[in-house]
Amino acid sequence: EVQLQASGGGLVQPGGSLRLSCAAHGLALDYYAISWFRQAPGKERERVSCINSVQHEGTYYTDSVKDRFTISRDSAKNTVYLQMNSLKPEDTGHYYCAPMLDVTCVKNPGTDQERLLDSWGQGTQVTVSS
């Protein structure tokens, strides 16, 4: 089965940075829009960013992370990244990556968009704390 693996999380102080990676076997990520989601305990899962397929330029961010997070691809490595700078305690949560059914992202990351796969995978934990 296809599994997306998110990695790169950890414990970081406020103001610090982390780079999350999303890798997959059996699925070419270039062909899909890819989203990053996060979920804090007791809160709903939210989409924080999305990148279009390589043939459709465009990246999108929810307001709370805009200008701090950057989503990108390395096609040669079949990997999608989420660079997170100026981290805040409210960024704490479990982060997941997921391919979208479509090749492009909806413009508003908060708008529901169908995912290609049912499984979320294991995700990676990000904790921002002093």
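Summary of the structure given here. Computed from a prediction, not measured in an experiment: that's the story for all the values here.

Criteria and thresholds
- Residues numbered from 1 in each chain as written.
- Predicted model: local features only at pLDDT ≥ 70, side-chain atom pairs only at ≥ 80, totals over all residues.
- Heavy atoms only, no water.
- 1 Å grid on protein atoms, 1.4 Å probe; cavity = no way out; pocket = protein on both sides within 12 Å on 5 of 7 lines; lining within 4 Å.
- Points joined across faces, edges and corners; volume = space filled by probe spheres on them.
- Helix = DSSP H or I, 4+ residues; strand = E, 2+ residues; numbered from the N terminus.
- Nonpolar A, V, L, I, M, F, W, Y, C, P; charged D, E, K, R; others polar.
- Disulfide = S-S within 2.5 Å.
- Buried < 20%, exposed > 50% of the residue type's maximum accessible area, 1.4 Å probe, protein only.
- Pairing = 2+ DSSP bridges.
- Axes fitted to C-alpha atoms, helices over the stretch in contact; angles between N-to-C directions.

Comments concerning empty space enclosed by the protein
Going through the model one piece at a time under the given rule, you end up with 1 cavity of 30 Å³ or more. Its boundaries defined by the atoms lining it, the largest cavity holds a volume of some 40 Å³. Broken down by secondary-structure element, the contributors of at least two residues to the lining of the largest cavity are strand S1 (3-7) and strand S9 (93-99). Ranked by residues supplied to the lining of the largest cavity, first place goes to S9 with 3 residues. Taken together, the residues that form the lining of the largest cavity break down as 6 nonpolar, 3 polar and no charged.

Structural notes on the state of the cysteines
Enumeration according to the criterion identifies 2 disulfides in this entry. With a sulfur-sulfur separation of 2.0 Å, Cys22 is cross-linked through a disulfide to Cys97. Negative torsions about the S-S bond denote left-handed disulfides, and the value of about 80° found for Cys22 with Cys97 makes this one right-handed. Here Cys97 lies in strand S9 and Cys22 lies in strand S3 (residues 18-25), a separation of 75 residues in the sequence. Of the two residues, Cys22 and Cys97, both sit in the buried class.

With respect to the layout of surface pockets
Approximately 220 Å³ is the volume found for the largest pocket. In terms of lining residues, the largest pocket is bounded by 13 residues, among which Phe37, Arg47, Pro109, Gly110 and Asp112 are the most central. Looking at the lining of the largest pocket residue by residue, the class counts come to 3 nonpolar, 4 polar and 6 charged.

Quick word on the sheet that holds S1
One open sheet holds the 4 strands; their spatial order is S1-S3-S8-S7, and the pairing between them is antiparallel. A single partner strand is all that each edge strand has here, and the edge strands are S1 and strand S7 (69-74). Averaged over all pairs of adjacent strands, the angle between strand axes in this sheet comes to 20°, irrespective of strand direction. Bridge count between S3 and strand S8 (residues 79-84): 6 bridges; the pairing is antiparallel. Looking at the pairing, Cys22 lines up with Val80 of S8.

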